Amino acid sequence: MVSTNADAVAIEANDLQKTYGTETALDTVSFSIETGTVYGFLGPNGAGKTTTMRLLTGLTQPTSGTVRICGTAVDDRRAIASLVGYLPETPPVYEAFSAREQLEYVAELRDIPAGSATERIEQYLDRFDLADDADKRISTYSKGMKQKTAFIQSVLHDPDVLLLDEPTSGLDPRAARRIRESITELADAGTAVFLSTHILPVVEAVADAVGVLFDGRLVTEGTPEGVTSLAETGEDGTLEDAFLAVTSKEAATDR
Amino acid sequence: MTGRRDVHHAIRIARAEVIRELRGATGDRRRVIGLLMVGLFYGSGLLFALPAVYALGQATGTVQSIPYLGGIATVAPVSMVVLSIFRTSQQIGTIDSEELVLLTVHPRAVVLGVIGAEVVQSMLWFGVPIGLIATAFALGIGAPTLPVTAGLVLLPLFCWATVWGYAGGIGMLRLFRWLPGLKQLLKIGWALALLPIIVGSQYIGTAIADRTFSIAGLLETLAFEPLQSYVELAFVGTELFHSPSIGAIGVLGGLVALTPVGLAVATRQATTFWFTDDPAPEQPQRTERSVGGFEAPQPFGSTSAGAIAWGHLVRAVRQPQEFAHLMIMLVMLGPAVAPIVQVDGNVGPIVAAIGVVVGTYLAGAAFGLNPLGDDRPAFPLLLLTEAGPRTLVWSRVIAGLAIGAPIAFLIPLGSIVAGTPALFAVGFAVVGCGMCLTAAMFAVGIGAVYPIYEEQEYWGTETVVPSTGIMMVYFWVVAGGTVIGLILTWVVLTGAGSLSLLIAAGVGVYLLLTALVPYGSYRYAIRRYRTYTLE
């Protein structure tokens with residue numbers, strides 16, 4: 001999805017390539033995502049989704065190509081810190097802390113003023129049903145509780161760009177819905193959300209645009225409806241049908 | 001502005017790291033007991049040492065007369081740098097939750113925070129004993145300011161060593177990333193070097209005892225005068241100190257100047273290391289395949305326990321890192337191997353005895369010291385099969401015997417070529433096999449007493465390791481019992497000594513314990529497994 005409004009571009013990736021020795025993990029991937037957009041990033045296991053996300057955060061260097069977040073080069077670490085929130089697949093939380101300690105620690109590192117941080121943390125804890133367990137050590141938490149804590153810490157500083165890797169994995173339906181609602185609210189407030197997941201109904205529910213990565217290449221991109229119709233899966237086709245069609249071996253051979 | 005902000009963030013990171021470390025170290029009762037034991041051990045030693053240090057202070061007339069000062073002043077900073085390189089390459093070079101920390105603050109703040117935490121933790125662990133020794137010495141020479149001045153002198157030295165050690169450690173990690181074979185080579189080299197080092201340490205101990213080798217002489221040779229002069233600055237304000245030398249001032253200036261340089265180098269190294277990948281993909285280059293399905297060969301295939309034991313052995317070959325805990329045997333074995341080299345005459349019986357001890361140790365230690373912890377990932381499968389707890393426990397005994405018994409049997413027989421009389425070799429081999437059975441049965445029981453489920457870094461590999469306490473108890477009981485058994489075998493075969501009532505009773509008790517304790521331990525393991533099954 002190529003943006004037409006340069007000022008509104010939140011994420012811009014140009015000809016991203018990543019190789020490991022002779023193996024190409026990502027092959028000239030380009031996309032441009034506007035502010036306030038929820039971008040569903042799909043692809044089978046091993047397609048290069050996590051590599052792409054690490055490139056977008058600057059945690060990994062591309063072999064060639066560039067990434068800019070809100071016009072800032074991603075290797076400008078001091079500037080990029082306040083612009084990006086990232087929730088990787090494994091929640092980056094400290095088991096020796098309680099959720100409250102973890103979030104207060106992140107707020108301190110993000111230079112969020114103490115009063116405002118406390119208020120925001122309490123709101124989020126309450127919203128994600130963690131208030132009663134907020135003082136328990138994270139080591140005693142379920143996978144879903146850790147995931148919710150990590151989601152809160154990734155949005156605590158109101159980032160301009162939020163990158164989520166399987167955010168609803170391991171969550172019960174209520175918590176998964178909370179996350180979906182939060183994603184929509186953040187996008188409405190102007191945050192660009194880059195959402196990588198295998199749960200296609202989540203993408204259908206919240207995404208404004210979809211990109212499908214297969215064998216390190218962006219094989220299709222557009223609105224969910226557009227992608228579904230492009231894949232020629234028939235009138236009753238779903239995003240799942242389209243996904244299966246564009247990531248099939250036959251499709252790869254045609255390319 | 002950015003510098004102040006980084007320091008502000010670094011303080012918070014350091015505080016968080018220290019809190020995490022303290023909570024980790026005191027997280028459960030076992031760790032608290034371990035800490036108390038260490039405290040009691042070293043604390044009691046320190047209490048006995050303090051009066052001697054006080055007396056040394058009283059007897060000291062000049063700084064030069066303090067024993068080993070020059071050597072210690074030279075060796076200590078080098079040791080600190082080496083320790084810091086080791087700590088960095090093993091533990092603090094990679095940071096937990098890196099996706100969070102590296103996307104929240106600047107890498108310089110992370111480096112400062114991690115190094116700050118390391119300095120604080122070192123002070124917490126070593127500051128108290130060093131402070132007490134300094135205080136006792138200060139009281140001895142009548143200079144109460146000494147602990148403060150010693151702290152002021154040590155702090156720049158410690159910061160310099162930690163910062164440069166961190167830079168060196170990250171440099172090593174980068175080197176290992178580009179040359180992964182070098183890391184493996186160093187690991188193997190270190191493991192192989194351990195035995196000669198331990199044997200060598202026995203020699204050095206003997207040489208020190210018979211005065212053919214002098215530590216004082218070695219330290220004097222190593223002493224670097226400017227560093228000694230710098231450490232002497234700790235005595236400023238006392239009668240022992242006269243005026244600072246140019247060398248001391250030069251070292252102080254060097255430490256103050258080189259620490260920020262080291263910090264800049266460390267930050268650059270760490271940034272490159274954290275924000276780049278391995279040049280090769282993480283997947284193994286060679287896809288390992290297994291063909292022909294899983295069929296245990298005879299004699300393993302004839303029973304369920306045997307087939308499961310074969311599974312343990314196959315996994316042992318394919319994932320040898322799970323047996324990192326057996327490395328402790330090398331440490332324990334060193335003092336036993338030393339006599340072989342030192343004995344002038346017939347070494348055969350010693351080789352035979354060591355073979356029996358090693359075989360017996362391995363029979364239990366290889367698969368028995370953490371049975372519940374090792375089996376836990378497969379419990380949902382194992383406990384829903386037809387195999388009962390008895391079969392599961394017995395399979396570990398069989399797998400242990402498959403490794404230990406051949407060693408305990410063949411090394412004594414092989415030692416015949418080294419001079420062991422055939423009768424003794426056969427006697428040791430037969431007794432060794434019996435010992436292997438008792439050791440394997442004993443291991444599964446005490447291993448089930450305190451199961452460990454969490455993986456941890458051990459000898460450079462991430463694995464589930466049995467409890468250290470359990471490993472120690474097992475080693476001393478099994479090694480002690482085996483040695484007693486071998487001595488009895490030797491006495492019986494030589495026909496030496498008369499069998500008094502007391503000796504006969506002692507032998508009877510020994511044999512009874514050797515049979516009953518392992519059996520009871522084995523039964524206990526089965527009972528522990530039963531607690532996980534649905535009746």
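Residues numbered from 1 in each chain as written. Chains lettered and ligands numbered in written order. Predicted model: local features only at pLDDT ≥ 70, side-chain atom pairs only at ≥ 80, totals over all residues. Heavy atoms only, no water.

Colleague: How would you sum up helix H5 (residues 143-155) of chain A? Please name residues and give values.
Modeller: A rise of 1.5 Å per residue sets the reference length of H5 of chain A, with its 13 residues, at 18 Å; its end C-alpha atoms lie 19 Å apart and thus fit the reference within 8%. Within H5 of chain A, 12 of the 13 residues are buried, which leaves it mostly tucked inside the rest of the structure. Restricting attention to buried positions, one finds in H5 of chain A the residues Gly-144, Met-145, Lys-146, Gln-147, Lys-148, Thr-149, Ala-150, Phe-151, Ile-152, Gln-153, Ser-154 and Val-155 of chain A. Here the buried face of H5 of chain A lies against strand S6 (84-87), helix H3 (99-109), helix H4 (114-127), strand S7 (161-165) and helix H6 (173-188) of chain A together with helix H4 (98-102) of chain B. (Helix = DSSP H or I, 4+ residues; strand = E, 2+ residues; numbered from the N terminus. Expected span 1.5 Å × (residues − 1). Buried < 20%, exposed > 50% of the residue type's maximum accessible area, 1.4 Å probe, protein only. Contact = heavy atoms within 4.5 Å.)

Colleague: An account of the pairing of strand S10 (residues 217-222) of chain A is needed here, citing residue identities and associated values.
Modeller: Taken together, the 5 bridges between strand S9 (residues 209-214) of chain A and S10 of chain A define a ladder with antiparallel strand orientation. Bridging from a neighbouring strand, Val-212 of chain A pairs with Thr-220 of chain A of S10 of chain A. (Pairing = 2+ DSSP bridges.)

Colleague: Go over the domain arrangement of chain A, please, and point to the residues and values.
Modeller: Residues and elements named next belong to chain A. Domain assignment breaks chain A into domain 1 (6-95 + 160-254) and domain 2 (97-136). A straight line from the C-alpha centre of domain 1 to that of domain 2 covers 27 Å. Contacts between domain 1 and domain 2 engage 13 residues on the former and 7 residues on the latter. Around 820 Å² of area is buried between domain 1 and domain 2 when both sides are counted, 40% of it from carbon and sulfur atoms. For the domain 1 face of the interface with domain 2, the top three residues by lost area are Tyr-94, Arg-178 and Ser-182, together amounting to 54%. In this structure, the connection of domain 1 to domain 2 is made through 2 salt bridges. We note a salt bridge from Asp-129 to Arg-178, for which the minimum N-O separation is 3.4 Å. (Domains from an automatic or database assignment. Buried area = accessible area lost by both parts, 1.4 Å probe. Salt bridge = Lys/Arg side-chain N within 4 Å of Asp/Glu carboxyl O.)

Colleague: Quick rundown of the sheet that holds strand S8 (residues 192-196) of chain A? Include the residues and the values.
Modeller: Residue and element names in this part refer to chain A. Sheet architecture is open: 6 strands sit in the order S6-S7-S8-S3-S9-S10, paired in mixed fashion. With one partner strand each, in any of the chains shown, S6 and S10 form the two edges of the open sheet. Here the strands of the sheet are splayed against their neighbours by 15° on average, with no regard to which way each runs. H5 rests against S6 and S7 of the sheet, and its axis sits at about 170° to S6. (Axes fitted to C-alpha atoms, helices over the stretch in contact; angles between N-to-C directions.)

Colleague: Can you explain the domain arrangement of chain B? Please cite residues and give values.
Modeller: Interfaces are often sized by the accessible area lost when the parts come together. Each assigned domain of chain B is listed with its residue range as follows: domain 1 (2-274) and domain 2 (300-530). Taking only C-alpha atoms into account, the centre of domain 1 of chain B sits 39 Å from that of domain 2 of chain B.

Colleague: Please set out the packing of helix H6 (residues 146-178) of chain B against helix H9 (residues 225-232) of chain B residue by residue, giving values where relevant.
Modeller: Residues and elements named next belong to chain B. Where H6 contacts H9, the axes come no closer than 9 Å and their chain directions differ by 135°. Between H6 and H9, the crossing angle belongs to the class labelled oblique. From H6, Val-153, Pro-156 and Leu-157 reach across to H9, where they touch Leu-227, Tyr-230 and Val-231. (Parallel < 35°, antiparallel > 145°, perpendicular 65-115°, else oblique.)

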